[in-house]
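One-letter residues, chain by chain:
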Amino acid sequence: MYYLLKLFPEITIKSRSVRRQMTRCLVGNVRNVLRPLGEGVQVQGGWDAMSVKVPQDALPTWHTQLQEMLCRIPGIHEVQCVEEVPFVSFADTAERLVPAWRDVIAGRSFRVTVKRRGQHEFSSEQLERHLGRALLDAAPGARVRLKDPDVDVRVDVVEERLRMVRQRWPGLGGYPMGLQGQALALVSGGYDSPVAAWKMMRRGIKTHFLFFELGGAGHEAAVREVTHHLWERYSRSHRVKFFSVPFEGVVAELQRSIPDGLIGVALKRMMVRAASRIATQTNIPLLVTGDAIAQVSSQSLTNLVLMDEASDIPILRPLIAEDKQTIIDTARQIGTAVFAEGMPEVCGAVSQRPNTQARHEKVLAAEESFDFDVLEDAVERAIITRSDRLMERPVKEPSKLEVVTDLLAAAHDDTISVIDIRPPAEREAAPLLLSQIDCLQIPFFELQSRAEALPDDRRYLLYCAQGVMSRMQAMHLHDRGMTHFGVYRTV
């Protein structure tokens, strides 16, 4: 028994030289992916398929692991578990075929598909009829249906060899990894960006990852986890880089210098500028984002054009016309949805009144007040981690955050203060009115620099309208050892 890997159909229609190049690349990728399984695995290339020979004494669990790995390698259309023996006769073929398929087709519709290569004294249809009759006699309730059957029983006769497909699984499709160059994907850990990165991997693009750290070590650890999941399952044939850029200082500078309505667009432009510089420094020619038209305010066509303008290299958006539900369904299919469900949306908490149709001249005028040295400093402090070491970075177990929803119960405690971390404009529009509780006003973009100056014999509850930014700021302070900060939530 061995495994037969059928090539993605688009590979088979390429010119002879391109097809040979793609096949060679795919053979190398398969070997790289399967290397952890041991030296007993042998991969051999072919013109329209390749074979994977395995140890005869391998355990069922080992085979299951192998099958899962093969089905996630870009460039493979279908994985088949094959038994190959000398072709003797119709009767001998039926005797071998019936035990493997009678339970599978019982009570279901099926057809037998015979493919031949070489010179034979019989036709494919004759062998199909003989095998179909043998299966009907052996399987109670089975019925033949030539069009769209429940089960397709596949038999190949290649010269004097009989090749019977025992099981088959759909492959990932696409092109061999690394053959189409490389790109740098901006990832946040939500639904969109991992799906966008996966789509690039599937098309054979070696995809690196870039993360902008805004929410503390806990947020970065979660993004590292989903990134490692993507790499390990779909891109393991190649080592890639994970860039982490500290961006809280950039956000603070944006809050200081940019009008609220333009902060969302300006933040994305700063991210694109930073990504473009990092990509250029590391000889990566393309950026990839999870943008989809009109999904959020910053992703209107007008704002996307403004983001493109900030980059020195092209930006690819594989999700540009996808519906949100389609993206979520794909995330569930590739296993990243479970990470996205608990991931906070940081950028949405930065600006309260985002402009969906930002004017070019106003954005440029606003950015004239921005201190670009802050951006340069963030790029210089970027940390690079190799993909196979993403989970090695020691991440401290997050301490439990104190979350208070009823201040009346805490009113008697004169050691508690509430810190309103909203920007000044938002505080003025909707003042936080508290009685009997000390209330401070420190915008979130100043909190990290001012927190150490606050007396540590008090408990501080951070407040923001949505509860997202307050939680992230409190977690970041906990990472720094200041566990006397908690969260005040009104809902």
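See the structure shown above.
Residues numbered from 1 in each chain as written. Predicted model: local features only at pLDDT ≥ 70, side-chain atom pairs only at ≥ 80, totals over all residues. Heavy atoms only, no water.

Chemist: Residue-level account of the packing of aromatic side chains, with values.
Modeler: Evaluated as defined, the whole model comprises 10 aromatic pairs. Ring centres 4.6 Å apart and planes at 55 degrees place the aromatic pair phenylalanine 212 and phenylalanine 247 in the tilted group. Of this pair, phenylalanine 212 sits in strand S10 (residues 206-213) while phenylalanine 247 is found in the loop between strand S11 (241-246) and helix H8 (248-257), placing the two residues 35 residues apart along the sequence. Among the residues examined, phenylalanine 212 registers a relative accessible area of 6% and is labelled buried. (Phe/Tyr/Trp six-rings, centres within 6.5 Å; stacked < 30°, edge-to-face > 60°. Helix = DSSP H or I, 4+ residues; strand = E, 2+ residues; numbered from the N terminus. Buried < 20%, exposed > 50% of the residue type's maximum accessible area, 1.4 Å probe, protein only.)

Chemist: Please give an account of the sheet that holds strand S16 (residues 416-420) that cites residues and values.
Modeler: With respect to topology, 5 strands assemble into an open sheet ordered S15-S19-S18-S16-S17, the strand pairing being parallel. Both edges of this open sheet fall to strand S15 (403-404) and strand S17 (438-441), since each of them pairs with a single strand only. (Pairing = 2+ DSSP bridges.)

Chemist: Quick rundown of the nonpolar core? Include the residues and the values.
Modeler: Counting residues in hydrophobic clusters, the biggest one holds 60 residues, and the most contacted among them are Leu210, Phe212, Phe247, Leu254, Leu287, Ile419 and Phe485. Here the element with the most residues in this core is helix H9 (residues 260-281); it accounts for 12 residues. Apart from the residues within four sequence positions on either side, phenylalanine 247 is in contact with Phe212, Glu213, Leu214, Leu267, Met270, Met271, Ala274, Leu375 and Ala378. Judged by nonpolar contacts, the second largest core, of 30 residues, contains Val195, Val288, Ile327 and Ile328. (Core = buried A, V, L, I, M, F, W, Y, C linked by side-chain atoms within 4.5 Å. Contact = heavy atoms within 4.5 Å.)

Chemist: Tell me about the layout of surface pockets, and name the residues and values.
Modeler: A volume near 390 Å³ is recorded for the second largest pocket. Taken together, 23 residues line the second largest pocket, and the ones lying closest to its centre are Leu4, Asp48, Ala49, Arg117 and Arg163. Mapped onto the lining of the second largest pocket, the elements with two or more residues apiece are strand S1 (2-7), strand S3 (49-53), strand S4 (76-86), strand S5 (109-117) and strand S7 (151-158). Here the residues of the lining of the second largest pocket are counted per class, giving 7 nonpolar, 6 polar and 10 charged. (1 Å grid on protein atoms, 1.4 Å probe; cavity = no way out; pocket = protein on both sides within 12 Å on 5 of 7 lines; lining within 4 Å. Points joined across faces, edges and corners; volume = space filled by probe spheres on them. Nonpolar A, V, L, I, M, F, W, Y, C, P; charged D, E, K, R; others polar.)

Chemist: Lay out the pairing of S17 with the relevant residues and their values.
Modeler: Across 4 bridges, S16 lies against S17 in parallel orientation. When the bridges of S17 are listed, serine 417 appears paired with aspartate 438. Regarding topology, helix H15 (residues 424-429) serves as the crossover connection from S16 to the parallel S17, and that connection is right-handed. (Right-handed = clockwise from strand over helix to strand, strands pointing away.)

Chemist: Any chance you could break down the pattern of salt bridges for me, citing the residues and the numbers?
Modeler: What the rule picks out here adds up to 36 salt bridges. Among the salt bridges present, the one from arginine 117 reaches aspartate 48, with a minimum N-O distance of 3.6 Å. In this pair, arginine 117 is assigned in strand S5 and aspartate 48 in the loop between strand S2 (42-44) and S3, connecting sequence segments 69 residues apart. Arginine 117 gets classed as partly exposed once you look at its relative accessible area, which sits at 46%. With its nearest N and O atoms 2.9 Å apart, the salt bridge here joins glutamate 392 to arginine 389. Residues participating in the shared-partner salt-bridge network are Glu84, Arg154, Asp156, Arg161 and Arg163. (Salt bridge = Lys/Arg side-chain N within 4 Å of Asp/Glu carboxyl O.)

Chemist: Which residues make up the packing of helix H4 (residues 90-105) against helix H5 (residues 124-138), and what values do they have?
Modeler: Running from N to C, H4 and H5 point in directions that differ by 50 degrees, and their axes come no closer than 9 Å. The pairing of H4 with H5 is recorded here as oblique in orientation. Between H4 and H5 lies a crossing whose hand is right-handed. Contacts between H4 and H5 involve Phe90, Ala91, Thr93, Ala94, Leu97, Val98, Trp101, Arg102 and Ile105 from the first element and Gln126, Leu127, His130, Leu131, Ala134, Leu135 and Ala138 from the second. For the contact of H4 with H5, a count of residues per class yields 12 nonpolar, 3 polar and 1 charged. (Axes fitted to C-alpha atoms, helices over the stretch in contact; angles between N-to-C directions. Parallel < 35°, antiparallel > 145°, perpendicular 65-115°, else oblique. Left-handed = near helix turned anticlockwise from the far one by under 90°.)

Chemist: Which residues make up the sheet that holds strand S12 (residues 287-288), and what values do they have?
Modeler: Within a sheet, adjacent strands bond to each other through the backbone by hydrogen bonds, running parallel or antiparallel. What the 6 strands build is an open sheet, ordered S13-S12-S9-S10-S11-S14; its pairing is mixed. Of all the strands in the sheet, the pair left with one neighbour each is strand S13 (315-316) and strand S14 (383-386). Of the strand pairs in this sheet, S12 and S13 are connected by 2 bridges, and their pairing is parallel. The residue bridging leucine 287 from the neighbouring strand is isoleucine 315, located in S13.

Chemist: So, the environment of alanine 106: which residues are in play, and what are the values?
Modeler: Tracing the backbone shows alanine 106 in the loop between H4 and S5. Residue alanine 106 is classed as partly exposed on the basis of its relative accessible area of 32%. Beyond its immediate sequence surroundings of up to four residues, alanine 106 is in contact with Ala139 and Pro140.

Chemist: Before we move on, can you summarise unusual backbone geometry with the specific residues and values?
Modeler: One non-glycine residue with positive phi stands out, namely aspartate 148, at about 55 degrees. Residue position: aspartate 148 is located in the loop between strand S6 (143-144) and S7. Under the relative-accessibility criterion, aspartate 148 is labelled exposed at 62%. Located in the positive-phi region is glutamate 159, a residue other than glycine, with phi close to 55 degrees. Examined against the element boundaries, glutamate 159 turns out to sit in the loop between S7 and strand S8 (161-170). Among the residues examined, glutamate 159 registers a relative accessible area of 45% and is labelled partly exposed.

Chemist: Any chance you could break down the environment of glutamate 225 for me, citing the residues and the numbers?
Modeler: Along the polypeptide, glutamate 225 turns up in helix H7 (residues 216-234). Remark: the alpha-carbon pair of glutamate 225 and leucine 454, spanning 229 residues in sequence, is separated by 34 Å. If sequence neighbours within four positions are ignored, glutamate 225 has contacts with Phe339 and Met391.

Chemist: Can you lay out the packing of H9 against helix H10 (residues 301-309) for me, pointing to particular residues and giving the numbers?
Modeler: Running from N to C, H9 and H10 point in directions that differ by 35 degrees, and their axes come no closer than 8 Å. Seen along the crossing, H9 lies across H10 with a hand that is right-handed. Between H9 and H10, the residues in contact are Val265, Lys268, Arg269 and Val272 and Asn303, Leu306, Met307 and Glu309, respectively. Its residues placed into classes, the contact of H9 with H10 shows 4 nonpolar, 1 polar and 3 charged.

Chemist: Talk me through H4; I want residue IDs and the actual numbers.
Modeler: An α-helical turn contains 3.6 residues, so any two residues separated by three or four positions project in the same direction. The sharpest bend along H4 reaches about 45 degrees and sits at valine 98, with the proline proline 99 one to four residues further on. Of the positions making up H4, those classed as buried are Asp92, Thr93, Ala94, Leu97, Val98, Trp101 and Ile105. Buried residues in H4 make contact with S5, H5, S7 and S8. The first or second residue beyond H4 is glycine 107, which carries a positive phi of 75 degrees. (Bend = angle between axes of the 7 residues up to and from the residue.)

Coordinates in, geometry out; function isn't part of it.
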